[in-house]
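Given next are the chains, with one letter for each unit.
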Amino acid sequence: MDSAPQRAGGDTAPGHGVTPSGSHATESGRRPGDRPARPFLKWAGGKRQLLPELRRFYPPRFETYHEPFVGSGAVFFDLVGRRAVRRRRVRLTDVNPDLVGCWRQLRDNREAVIDHLQELAAERVDAPEEHYYGVRERFNGARGGILDDGRAQAERYTATLAAMLIYLNRTGFNGLFRVNSSGLFNVPRGRYRNPRICDEHNLRRASEALSTLAAKVDYAKYDAVLDVAQPGDFVYLDPPYAPLSSTASFTSYTADRFDAGDQQHLQRVVIELAERHCHVVLSNSTAPEIRDLYDGNAEAEGAGVRAHRVAARRAINSKAARRGPIEEYVITNVAPERA
Ligand SMILES: C[S@@+](CC[C@H](N)C(=O)[O-])C[C@H]1O[C@@H](n2cnc3c(N)ncnc32)[C@H](O)[C@@H]1O
């Protein structure tokens, strides 16, 4: 059963739309009795585990929803499931062109993506290891022709590439996306006994949610949000986290790094959004550099931005034993819902 949104949305009537396939789906991507759409990719730093904490900071009402570091979109899909983005404009952006190309293909070309993915899953059965490396080679070969500037690459993505990306994501090591200095995807095979490669139901729900909302998904740097965000909009920012220690860094989502200078620039963006009266929510680590930028920082506090420490579980550490509870920051000008 759907529960009425407690926090974001405030509009509980189901929204209906006719999907390109002619079937009736809601903007939450669900039919009665359906499971809500979930992220269709595993993504380093994905926020599914932090959702219970983040929900307390969803603004009760907002206009357009912006997610400038979208990754697998855990918060976007959570808002969809809560019907909080019903009849809202949605703008999702990232600088990973493969990721953006894949989201766009799933939105616009769902049946072709699912067909190709089913073919890959069926082909894999006899020799999973050879198949993985064969698909990786085909993927890099096909991408080679479009590796251009990121925007062009995202726009020239195909359903076949999107299916190969989902396949590699479901069967590669830890669902990582990593490219070498030549831009070639180089993640080794993961050791999954029986990976779920084509979750057709979820892919359809995710696609229907995107197409029914006419969600914009674009290749863009996060600060491009300043060109479009208006007072009353909700902006959720989930950058690559500042490392807690020099060995804990994981920032290779693309060939580019996100360093201390980027964190400082991001702070300017957060402050400007707050001064513009957007509802802004940022997640980050509790590294000292982030504490200095927000926790007790006069400029951030002057703009109404507060740093809240919340308990989270890290999913990205390759050592299972180190995936225990950890504190993270939720940095926001939204007053938290009382527990
Ligand atoms: C922590 S992940 C986001 C995870 C996401 N919240 C989820 O649930 O999957 C950070 C994302 O930021 C993207 N990114 C890195 N640098 C960026 C930049 N300068 N502008 C926009 N996106 C960037 C990466 O490609 C990556 O997808």
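Residue numbers run consecutively from 1 along every chain, following the written order of its sequence. At least 70 in pLDDT is required for a residue's local features to be given in this predicted model, at least 80 for side-chain atom pairs to be given and counted, and no such filter applies to totals for whole chains, interfaces and linings, which use all residues.

(A) Quick peek at the overall build of the chain. Secondary structure elements are defined from DSSP: runs of H or I of at least 4 residues count as helices, runs of E of at least 2 residues count as strands, and each element is numbered from the N terminus. Check the secondary structure of the chain and you find 11 helices and nine strands. To assign burial, the other C-beta atoms lying within 10 Å of each residue's own C-beta are counted, with C-beta atoms placed from the backbone; 20 or more indicates buried, 12 or fewer indicates exposed, and intermediate counts indicate partly exposed. Looking at the chain residue by residue over its 339 residues, the buried ones come to 45%. We call two residues in contact whenever the C-beta atoms placed from their backbones are within 7 Å. Intrachain contacts of the chain at a sequence separation of at least 6 include 76% that bridge at least 24 residues.

(B) Layout of the site of the ligand. If you check the shell around the ligand, you find 22 residues, and the closest are G45, F69, G71, S72 and A74. Residues are grouped as follows: Ala, Val, Leu, Ile, Met, Phe, Trp, Tyr, Cys and Pro are nonpolar; Asp, Glu, Lys and Arg are charged; every other residue, Gly included, is polar. Its residues assigned to classes, the shell around the ligand shows 11 nonpolar, seven polar and four charged. For each residue, a C-beta position is placed from the backbone atoms; the residue is near a molecule or strand when that point lies within 6 Å of it.

(C) Highlighting the sheet that holds strand β5 (residues 216-219). One open sheet accounts for seven strands, arranged β5-β4-β3-β6-β7-β9-β8; its pairing is mixed. Whereas interior strands pair on both sides, the edge strands pair on one side only; in this sheet they are β5 and β8 (306-313). Strand-to-strand twist across the sheet, computed as the mean angle between neighbouring axes with direction ignored, equals 20 degrees. Strands were regarded as paired on the criterion that DSSP finds at least two bridges between them. Taken together, the eight bridges between β8 and strand β9 (residues 325-332) define a ladder with antiparallel strand orientation. Bridging across to β9, V310 finds its partner in E328. Interaxial angle, 0 to 180 degrees, is taken between N-to-C directions of lines fitted to C-alpha atoms, where a helix line uses only the stretch in contact. Sitting on the sheet, helix α3 (residues 97-108) touches β4 (90-94) and β5, and the angle it makes with β5 is about 155 degrees.

(D) Representation of the environment of I326. Locating I326 in the fold gives a position in strand β9. Of the residues examined, I326 has 14 C-beta atoms within 10 Å and is grouped as partly exposed. Residues I326 and S285 lie 41 residues apart in sequence; the distance between their C-alpha atoms is 9.2 Å.

(E) Quick look at the nonpolar core. L106, A162, A163, M164, V235 and V270 are the most contacted members of the largest nonpolar core, which has 84 residues in total. For this core, the leading source of residues is helix α7 (residues 159-171), giving nine residues. Each domain span listed reflects an automatic or database assignment of domains. Counting contributing residues, this core receives three or more from each of domain 1 (1-95 + 220-339) and domain 2 (96-216). Setting aside residues up to four positions removed in sequence, V235 forms contacts with H66, V225, A229, L273, C278 and V280. Joined through C-beta atoms within 7 Å, a set of buried Ala, Val, Leu, Ile, Met, Phe, Trp, Tyr and Cys residues constitutes a nonpolar core.

(F) Structural context of the confidence of the model for the chain. pLDDT expresses, on a scale from 0 to 100, how confident the predictor is about each individual residue. With 83% of its residues at a pLDDT of 70 or more, the chain has an overall mean of 88. Ignoring residues within four places in sequence, the model shows residues 1-5, a span with pLDDT below 50, making seven contacts including any to other chains. Here residues 9-24 is modelled with pLDDT under 50, and outside its nearest four sequence neighbours on either side it reaches 28 contacts, counting other chains as well.

(G) Here's a closer look at helix α2 (residues 74-81). Counting buried positions over the eight residues of α2 gives eight, a clear majority of the element. Among all positions in α2, only A74, V75, F76, F77, D78, L79, V80 and G81 are buried. Close packing links the buried residues of α2 with α1 (51-54), β3 (65-67), β4, α8 (200-212) and β6 (234-237). Backbone geometry just after α2 places R83 at a positive phi near 60 degrees.

(H) Quick peek at the packing of helix α4 (residues 110-124) against α8. α8 packs onto α4 with a crossing angle of 160 degrees between their chain directions and a minimal axis gap of 10 Å. Taken together, the axis directions place α4 and α8 in an arrangement best described as roughly antiparallel. Regarding α4 and α8, the two cross each other, and that crossing is right-handed. Contacts between α4 and α8 involve R110, V113 and I114 from the former and E200, L203, R204 and S207 from the latter. Roughly parallel means an angle under 35 degrees; roughly antiparallel means over 145; roughly perpendicular covers 65 to 115; every other angle is labelled oblique. Note on convention: the crossing is left-handed when the near helix lies turned anticlockwise from the far helix by less than a right angle, right-handed when the turn is clockwise.

(I) Looking closely at unusual backbone geometry. Of note, R83 is a non-glycine position whose phi angle comes to about 60 degrees, a positive value. Summarising the element assignment, R83 is placed in the loop between α2 and β4. Phi angles above zero are rare outside glycine, and R87 is one such case at about 60 degrees. Judged by C-beta crowding, with 10 C-beta atoms within 10 Å, R87 ranks as exposed.

(J) Representation of α4 within the structure. With 15 residues, α4 extends 21 Å from end C-alpha to end C-alpha; this agrees with the ideal 21 Å at 1.5 Å per step. In this fold, the buried residues of α4 make contact with α3, α5 (128-144), α7 and α8. One fewer than the residue count of a helix, multiplied by 1.5 Å, yields its expected span.

(K) Region of interest: the environment of R55. The residue R55 is located in the loop between α1 and β3 in this model. Between the C-alpha atom of R55 and that of P336, which follows or precedes it by 281 residues, the distance is 8.8 Å.

(L) Region of the structure containing the pairing of β9. The pairing of strand β7 (residues 279-285) with β9 spans five bridges and is antiparallel. Each residue of the ladder has a partner; that of S283, found in β9, is V330.

(M) Highlighting the environment of Q153. Mapped onto the elements of the fold, Q153 is located in helix α6 (residues 150-155). The sequence separation of Q153 and D98 amounts to 55 residues, and the corresponding C-alpha distance is 7.5 Å. Setting aside residues up to four positions removed in sequence, Q153 forms contacts with P97, G101, I146, L147 and D148.

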